[in-house]
Amino acid sequence: MQVEQWLSVLNQAQHDAVVHDGKSLLILAGAGSGKTRVITTKIAYLISQKQVDPFSILAVTFTKKAAKEMQERAVLLEPRAQYAQIRTFHSFGAYFLRKYAFEAGLASNFTVYDDDDMVTLVTKANPSLTRQQASHAAHFISLAKDYCLLPDSDRLYEITDDERFADIYANYQALLKQTGNVDFGDLILLPYLVLKNNPEVRKEIHLRYHVIMVDEYQDSNVAQFLLLQQLAGVAENADCRVCVVGDDDQSIYKFRGAEVQNILQFQSQFPETKLIRLETNYRSSSQILACADAVVSNNKDRLGKTLVAAHGEGKKPTLVFLPNQDDEASFCADLIEQLHEKKVPYSDWAILYRTNAQSLTFETEFLHRKIPYKVVGSLKFYEREEIKDVLAWLAFLANPRDQIAFRRIVNKPARGIGNTSQDKIVSASAGSSILETARSFKLSKKAAAGMQTFCAVADELNQFFTDPKNKDEKLSAYVQAIVQKTGLEELHKADDEISGTSRVANMQELINSAVLYPCTTEGLLDFLDHIELDRTLENEADEITDAVTLITLHNTKGLEFPRVIITGMESGVFPREDKTGAELEEERRLFYVGITRAKNDLYFTSCAVRRLYGRTNYMFPSPFLHELGDDNVRILGQKPASFESAPEGSRGTEGNPLAKKWHVGLGVYHDDYGHGQIVKAGLSDEGEYVISVSFENGGIKRFLPKYQSAALMVEQND
DNA sequence: CCCGTCGTTATTTTT
DNA sequence: TAACGACGGG
């Protein structure tokens, strides 16, 4: 394709963004505004028109999928784009650390620990912690790393107020160091530290990269921001251009360390920034965009932009009030079935919800009605036990200091090597090869025999690499050998027969996926990196079949569907009960993301009653529904009285629908205390609406109806 | 070492 | 409700 052609399909703002020639560029790209087209065209433009060496271009994204799409589309425009570095932040980190392993204090055979492994490591480093405490600590350690805080930082209080945290974190780091491996956070944090502390490395990098682009910048964390600054050489005014693309209105990963402030403050952190807004939306009808805009304009902390639909006005979105979640599911099913008869494919539809648990009702209903569906995101292939077992063998063979992998596989199948023996061997190895330590370690008779078997298997597998007759083999042959020779196949085959699982088949799928890699140490590490850094295994069968998509709102980012139903629009479910202030704004952005996924049809459903955690809850419509604006939606179903009366955007006690429902004399029933009557109702000192209930079995209890609606309900007088 | 039972506990999760 | 971890008996 010719340059003139790709430039001619761009609108003015897109064109400006592509040809912008200054040092720093912030592209505020609204939903559906063609940002991938802009980035890919810019890469092609730089290479073909500005003679920029593709090797000097680095483009980072957050997902493998986005990286792949970006590369493919750029290559279509300009074949030399295949030499540009287009990868995820974390895979760039892994690449960097293998290259500068020495400077980072690592051996280049490190592998990456996932969140589960982190928890195990935290427990081993801090044996006094319960599993739950360890899992909290692991989460906090991840967050600390996202914010670039080390165990000796005096700002750890920003992560948690637990005073033991610094010690727990330090112990964890010490043990991690001993294994020679890294965790996800290290993939960003360590490259940053290497660059910061090594002028030589920095110089090399600055010579190499002249253009750096970051996609979805609103979801970058502090560590990624700091790494970007180092890569671009902002402090020493290196000759590097930085272009970030993002949408502050779509920042939804704060809980994982994403920092919206990165995009909000970009202009003051990078020199000579030009800001370009992409506000033409090529996805949704203007009626849908009106809803989106009405909602998101309630947020204060934003750069601000207004989307304009390139396509027509479309249909007015529909808000549906339903009695309960079973009716919600059957309403969706009806809609889908009716239109399917008119040849609307199932795959046009996406059902969006706030929490994974909400998918269950839809699954039951759809199974019953034989509506094909696929649940996105719940398939965690690489977190399955049998897969982790095989991967642990691979990790252990790559790095014999990996105690987490060792512990996972040494006694599986059972070889009589219990926890105590494992602890002894690991601590005796003190950071050197666990396999070598184990070989000569004296153990009880039973454990010693088991260990001999284990070592023999490990040796046999290791020989696979060195054996010259395997030098042209694929890695899949090696993975297959692991599955067969370690006894994992028999072990899991037995499981399959008992509980009807498909573990052996899953392992086979893993074997198949290794066919693309050579049977060498590099191939092995490469394979593990790819798995660790891309947990989504695309299932081809899912791609081709016509099915409704069931998906959490978070998982929809970057996707689009002709017809979308956003379900569970109830206060407490979405937004969640405990969200206020900045967190409420993030929930609102999540709603915005959901709305802007829809191309033509958009529905919202809200239930009057929802069973949650085994209790019947009387629900109130989500406050977000008021924000849609009366003129922007068509309403179906019985509109709750509270929906009319509540002032727009109000969540205070004044005019709060909750306050109206409870009055003195009203009979109530409480799940734990039984029948009772309200004896007092009014505002507390804190301005909360409080009721006092006298129960039949004696005793008076005070309740905040706002929080107690789960257990406390109005007596049915019929 | 496996299996049943009891008790606890419920977001979102690109890498 | 349901799912998962902890614990104790066979």
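Reading the values: the criteria
Residues numbered from 1 in each chain as written. Chains lettered and ligands numbered in written order. Predicted model: local features only at pLDDT ≥ 70, side-chain atom pairs only at ≥ 80, totals over all residues. Heavy atoms only, no water. Helix = DSSP H or I, 4+ residues; strand = E, 2+ residues; numbered from the N terminus. Rg over C-alpha atoms; globule rule 2.2 N^0.38 Å. Buried < 20%, exposed > 50% of the residue type's maximum accessible area, 1.4 Å probe, protein only. Contact = heavy atoms within 4.5 Å. Areas by Shrake-Rupley, 256 points an atom, 1.4 Å probe, with all protein chains shown as cover. Near = heavy atom within 4 Å. Polar contact = N/O pair within 3.5 Å; in protein donor to acceptor, adjacent residues only side chain to side chain. Axes fitted to C-alpha atoms, helices over the stretch in contact; angles between N-to-C directions. Parallel < 35°, antiparallel > 145°, perpendicular 65-115°, else oblique. Nonpolar A, V, L, I, M, F, W, Y, C, P; charged D, E, K, R; others polar. pLDDT = per-residue confidence, 0-100. Pairing = 2+ DSSP bridges. Salt bridge = Lys/Arg side-chain N within 4 Å of Asp/Glu carboxyl O. Disulfide = S-S within 2.5 Å. Phe/Tyr/Trp six-rings, centres within 6.5 Å; stacked < 30°, edge-to-face > 60°. Lys NZ or Arg CZ within 6 Å of the ring centre and 35° of its normal. Core = buried A, V, L, I, M, F, W, Y, C linked by side-chain atoms within 4.5 Å. Expected span 1.5 Å × (residues − 1). Lys, Arg positive; Asp, Glu negative; His and termini not counted.

Q: Looking at this structure, I do not really get the overall build of chain A. What am I missing?
A: In terms of helices and strands, chain A carries 32 helices and 23 strands. A globule of 718 residues ought to have a C-alpha radius of gyration of about 27 Å, and chain A, at 28 Å, matches this closely. Overall, the C-alpha framework of chain A stretches about 80 × 75 × 60 Å when taken along its three principal axes. For chain A, the proportion of its 718 residues judged to be buried stands at 53%. In chain A, the share of contacts with a sequence separation of at least 24, taken over all contacts with a separation of at least 6, comes to 74%. If you sum the accessible surface of chain A, you get close to 32,400 Å²; carbon and sulfur atoms cover 50% of it.

Q: For this particular structure, what's the right way to read the protein's contact with DNA strand B?
A: The full set close to DNA strand B counts 25 residues, and Arg 256, Arg 354, Asn 356, Thr 552 and Arg 576 are the nearest of them. For DNA strand B, the backbone portion of the atoms within 4 Å of the protein, that is sugar and phosphate, comes to 49%.

Q: What should I look at first to understand helix α12 (residues 222–232) in this one?
A: Each α-helix winds once per 3.6 residues, and so residues spaced three or four apart point in a common direction. The buried fraction of α12 is high, at 10 of 11 residues. When we look at burial in α12, the residues that qualify are Val 222, Ala 223, Gln 224, Phe 225, Leu 226, Leu 227, Leu 228, Gln 230, Leu 231 and Ala 232. Capping of α12 at its N-terminal end is provided by Asn 221; its side-chain oxygen lies 3.1 Å from the backbone amide nitrogen of Ala 223. Looking one or two residues beyond α12, the residue adopting positive phi is Gly 233, at roughly 65°.

Q: How should the protein's contact with DNA strand C be read in this particular structure?
A: DNA strand C sits among Arg 131, Tyr 613 and Gly 614. Sugar and phosphate atoms represent 22% of those atoms of DNA strand C found within 4 Å of the protein.

Q: Any chance you could explain the packing of helix α8 (residues 131–146) against helix α9 (residues 165–179) here in plain terms?
A: Axes are the key here: two packed helices are described by the angle between their axes and the distance separating the axes. Two numbers describe how α8 lies on α9: the axes approach to 10 Å, and their chain directions differ by 80°. By the angle between their axes, α8 is roughly perpendicular relative to α9. Across from Ala 137, Phe 140, Ile 141, Ala 144 and Lys 145 in α8, the residues of α9 making contact are Phe 165, Ile 168, Tyr 169, Tyr 172, Gln 173 and Leu 176. Each residue belonging to the contact of α8 with α9 can be placed in one class, and the counts come to nine nonpolar, one polar and one charged.

Q: Can you walk me through the confidence of the model for chain A in this structure?
A: Caution applies to low-pLDDT parts of the model: their predicted coordinates are not meant to be read in detail. Of the residues in chain A, 90% have a pLDDT of 70 or more, and the chain-wide mean is 86. Note on residues 646–660: pLDDT under 50 across the span, and 19 contacts to partners over four residues away in sequence or across chains.

Q: I would appreciate a short explanation of the environment of Lys 388 in the present structure.
A: If you trace the backbone, Lys 388 turns up in helix α18 (residues 385–398). Along the chain, Lys 388 and Ser 502 lie 114 residues apart, while their C-alpha atoms are 15 Å from each other. Discounting chain neighbours no more than four positions away, the residues touching Lys 388 are Asp 114, Asp 116, Asp 117, Tyr 382, Glu 383 and Arg 408. In terms of polar contacts, Lys 388 uses its side chain to reach the side chain of Asp 114, at 3.0 Å.

Q: How should the sheet that holds strand β7 (residues 241–246) be read in this particular structure?
A: In a beta sheet, neighbouring strands are held together by backbone hydrogen bonds and run either parallel or antiparallel to one another. Spatially, the six strands line up as an open sheet ordered β3-β2-β6-β7-β1-β8, and their pairing is parallel. The strands lining the two open edges of the sheet, one partner per strand, are β3 (85–88) and β8 (273–278). Sheet twist, expressed as the average angle between the axes of neighbouring strands with direction ignored, equals 15°. In the sheet, strand β6 (residues 211–214) pairs with β7 via four bridges, with the strands oriented parallel. Opposite Val 214, over in β7, you have Val 244 as the bridge partner. Contacting β2 (57–61) and β3, helix α4 (residues 64–77) runs over the sheet at an angle of about 160° to β3.

Q: Hey, could you run me through the pattern of salt bridges in this one?
A: Applying the stated criterion to the full structure yields 37 salt bridges. Note that Asp 249 is salt-bridged to Arg 302, the shortest N-O span being 2.8 Å. Taken together, the residues span a long stretch of sequence, with Asp 249 in the loop between β7 and α13 (261–264) and Arg 302 in the loop between α15 (286–296) and β10 (308–309) at a distance of 53 residues. Judged by its relative accessible area of 1%, Asp 249 falls in the buried class. If you follow the salt bridges from partner to partner, you end up with Lys 35, Asp 215, Glu 216, Asp 219 and Lys 557 in one network.

Q: I would appreciate a short explanation of the side chain of Asp 186 in the present structure.
A: With respect to the element layout, Asp 186 can be found in helix α10 (residues 186–197). Beyond its immediate chain neighbours, meaning those up to four positions away, Asp 186 contacts Leu 97, Lys 145, Leu 176 and Pro 191.

Q: Please clarify how the state of the cysteines should be interpreted in this entry.
A: The term disulfide refers to a covalent linkage connecting the sulfur atoms of a pair of cysteines. Per the stated rule, a full pass over the model turns up zero disulfides. Cys 291 takes part in no disulfide bond, and the closest cysteine sulfur to it belongs to Cys 332, at a distance of 17 Å.

Q: Got a minute to help me understand the packing of aromatic side chains in this structure?
A: Aromatic ring pairs are defined here through the distance separating the ring centres and the angle between the ring planes. Under the counting rule described, the total for this entry stands at 26 aromatic pairs. The structure contains a cluster of three or more aromatic residues connected by ring pairs, namely Phe 92, Tyr 95, Phe 96, Tyr 100 and Tyr 209. Directly above the aromatic system of Phe 110 lies the positively charged group of Arg 98, at a separation of 4.0 Å from the ring centroid.

Q: How should the nonpolar core be read in this particular structure?
A: As a rule of thumb, soluble globular proteins bury nonpolar side chains together. Judged by nonpolar contacts, the single largest core of 71 residues is most densely connected at Phe 96, Val 122 and Tyr 217. Broken down by element, the residue count for this core peaks at eight residues, all from α12. With sequence-adjacent residues up to four places away left out, Val 122 is seen in contact with Leu 129, Ala 134, Ala 137, Ala 138, Ile 141, Ile 168 and Tyr 172. In terms of nonpolar packing, the next biggest core, distinct from the first, is built from 49 residues, Ala 398, Val 457, Ala 458 and Val 479 among them.

Q: Mind showing me how you'd approach the pairing of strand β16 (residues 598–612) here?
A: Across a regular strand the side chains alternate sides, sitting on one face of the sheet and then on the other. For strand β11 (residues 318–324) and β16, the ladder comprises six bridges, and the chain directions are parallel. The residue bridging Leu 319 from the neighbouring strand is Phe 604, located in β16. In the sheet, strand β15 (residues 561–566) pairs with β16 via five bridges, with the strands oriented parallel. By the bridge assignment, Arg 563 is partnered in β16 with Asp 601. Remark: two residues form the turn of the hairpin made by β16 and strand β17 (residues 615–618), two consecutive strands paired antiparallel; Tyr 613 in that turn has positive phi of roughly 50°.

Q: Looking at this structure, how should I read α8?
A: For α8, with 16 residues, the first-to-last C-alpha span of 23 Å sits near the 22 Å given by 1.5 Å per residue. Among the residues making up α8, those that are buried are Ala 134, Ala 137, Ala 138, Ile 141, Leu 143, Ala 144, Lys 145 and Asp 146.

Q: Hey, could you run me through the environment of Met 619 in this one?
A: Within the secondary structure, Met 619 is located in the loop between β17 and α29 (623–627). On a C-alpha basis, the gap between Met 619 and Val 573 in space is 9.0 Å, while along the polypeptide they are 46 residues apart. Excluding its chain neighbours within four sequence positions, the residues that come into contact with Met 619 are Glu 570, Ser 571, Val 573, Cys 607, Ala 608, Val 609 and Arg 610.

Q: Mind showing me how you'd approach unusual backbone geometry here?
A: The phi torsion of most residues other than glycine is negative, and most of the peptide bonds are trans. A cis amide bond, omega 5°, links Phe 574 with the succeeding residue Pro 575. By the element assignment, Pro 575 lies in the loop between β15 and α28 (581–595). Backbone geometry at Gln 51 places phi at a positive 55°, although glycine is not the residue there. A residue is classified by how much of its surface remains accessible, and Gln 51, at 63% relative accessible area, is exposed.

Q: I keep staring at the side chain of Arg 597 and nothing clicks. Help me out?
A: Topologically, Arg 597 is positioned in the loop between α28 and β16. Lacking a salt bridge, the buried Arg 597 has Asp 247 as its closest oppositely charged neighbour, with an N-O distance of 6.8 Å. One polar contact links the side chain of Arg 597 to the main-chain carbonyl oxygen of Leu 559, over a distance of 3.0 Å.

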